[in-house]
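Chains, contacts and geometry: an overview
Chain residues, written in single-letter form:
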Amino acid sequence: MSTAHTPAISPSQLIGALEWRYATKAFDSARKIPGELWMDLERALVLSPSSFGLQPYKFLIITDSFVREKLVPHSWGQKQVVDCSHYVVFAARTQVPVEYVDQYVNRIAAVRKVDAGSLKGYRDMMVGSIQGPLSQKLDHWTARQAYIALGNLLTAAALVGVDACPMEGFAPDKYNEILGLNNSGYQAVVACALGYRSATDNYARAPKVRLPQEILIERI
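Residues numbered from 1 in each chain as written. Predicted model: local features only at pLDDT ≥ 70, side-chain atom pairs only at ≥ 80, totals over all residues. Heavy atoms only, no water.

In terms of helices and strands, the protein chain carries nine helices and four strands. When its helices and strands are written in sequence order, the protein chain yields α-α-β-α-α-β-α-α-α-β-α-β-α. Once the C-alpha set of the protein chain is aligned to its principal axes, its extents read approximately 60 × 50 × 40 Å. With an accessible surface of roughly 13000 Å², the protein chain has 55% of that area assigned to carbon and sulfur atoms. Separation of charge centres in the protein chain, based on 23 positive and 20 negative side chains, amounts to 2 Å. (Helix = DSSP H or I, 4+ residues; strand = E, 2+ residues; numbered from the N terminus. Areas by Shrake-Rupley, 256 points an atom, 1.4 Å probe, with all protein chains shown as cover. Lys, Arg positive; Asp, Glu negative; His and termini not counted. Charge placed at Lys NZ, Arg CZ, Asp CG, Glu CD.)

In this section: the environment of Arg43. The residue Arg43 is located in helix H2 (residues 35-46) in this model. Among the residues examined, Arg43 registers a relative accessible area of 49% and is labelled partly exposed. Linking Arg43 and Pro172, residues 129 residues apart in sequence, is a C-alpha distance of 25 Å. (Buried < 20%, exposed > 50% of the residue type's maximum accessible area, 1.4 Å probe, protein only.)

Where helix H5 (residues 98-112) contacts helix H6 (residues 120-131), the axes come no closer than 10 Å and their chain directions differ by 150°. The orientation of H5 relative to H6 falls into the category roughly antiparallel. Crossing of H5 against H6: the hand is right-handed. Here Val98, Val101, Asp102, Tyr104, Val105 and Ile108 of H5 come into contact with H6, specifically with Tyr122, Arg123, Met126, Val127, Ile130 and Gln131. For the contact of H5 with H6, the class distribution of residues is nine nonpolar, one polar and two charged. (Axes fitted to C-alpha atoms, helices over the stretch in contact; angles between N-to-C directions. Parallel < 35°, antiparallel > 145°, perpendicular 65-115°, else oblique. Left-handed = near helix turned anticlockwise from the far one by under 90°. Contact = heavy atoms within 4.5 Å. Nonpolar A, V, L, I, M, F, W, Y, C, P; charged D, E, K, R; others polar.)

With that settled, consider the state of the cysteines. Applying the stated rule across the entire model yields zero disulfides. As a non-bridged cysteine, Cys84 has Cys192 as the owner of its nearest cysteine sulfur, 8.4 Å distant. For Cys84, a relative accessible area of 0% gives the class buried. You can see Cys192 has no disulfide; the closest cysteine sulfur is in Cys165, sitting 7.2 Å from it. By relative accessible area, which is 0% here, Cys192 ends up buried. (Disulfide = S-S within 2.5 Å.)

Strand order in this open sheet of four strands is E1-E2-E4-E3, and the pairing throughout is antiparallel. Only two strands of the sheet have a single neighbouring strand rather than two, namely strand E1 (57-62) and strand E3 (163-167). Here the strands of the sheet are splayed against their neighbours by 25° on average, with no regard to which way each runs. Inspection of the sheet shows strand E2 (residues 86-93) paired to strand E4 (residues 186-195) by eight bridges, in the antiparallel sense. Bridge pairing links Val88 to Cys192 in E4. Against the sheet, helix H7 (residues 138-159) touches E1, E2, E3 and E4, its axis set at about 10° to E4. (Pairing = 2+ DSSP bridges.)

Phe90, Val162, Cys192 and Leu194 are the most contacted members of the largest nonpolar core, which totals 25 residues. Looking at this core, the elements that each hand over two or more residues are H2, E2, H7 and E4. The dominant element in this core, judged by the number of residues it contributes, is H7, at eight residues. Core analysis: the second largest hydrophobic core is formed by 21 residues, Cys84, Cys165, Met167 and Tyr186 among them. (Core = buried A, V, L, I, M, F, W, Y, C linked by side-chain atoms within 4.5 Å.)

Once that is clear, we can look at the environment of Ser29. Mapped onto the fold, Ser29 is located in the loop between helix H1 (11-20) and H2. Separated by 58 residues in the primary sequence, Ser29 and Tyr87 place their C-alpha atoms 12 Å from one another.

What the rule picks out here adds up to four aromatic pairs. Ring centres of Phe52 and Trp141 lie 6.2 Å apart, and the angle between their planes is 55°; on these two criteria the pair is classed as tilted. Taken together, the residues Phe52 in the loop between H2 and E1 and Trp141 in helix H7 connect sequence positions 89 residues apart. A relative accessible area of 4% places Trp141 in the buried class. (Phe/Tyr/Trp six-rings, centres within 6.5 Å; stacked < 30°, edge-to-face > 60°.)

So, in structure tokens, the structure goes:
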């Protein structure tokens, strides 16, 4: 049986969506992402790829206006935090214990209906990597996994007509404190504001600036 996937959109639609998106600087605070559509974007987050499939992160969806107001002073005063419809903070694991790997292996076994023992080789390889080559830079590795999810969210949002702004400009230690991440095994690494652009945002009308393709792409 063929496993080929019929494209849901055309290549021109894909490029059109990516040309349309930009890092939204001003959101229309009166417009909210419909609930069903937001659930689809949450599902897109969950479906993001990650190394080994381990997903060493979690996504904090900040809708509480009081919490958002507390975050603004620690976000370089950026108003997207309070004006957007949904604000996502990507929290990466600070450690990946063996128990977490075993939990993931058991999840694979349950979903794919196989014996967990048959996955021992894969399990030992993951544990060996985490306790070996990755151990000295584990927080950097988990943060990179979160950034993969961020990129996936930005593209997914663009494809369904939702504006977004990736945000690194914040004080992680303050975010960790306000969001209760201290001593939780997670730390804030990046955020993303999502919603709908304001008619007053001049950046929406500015031509997209990218380096020429022949500079960025090298064919070997």
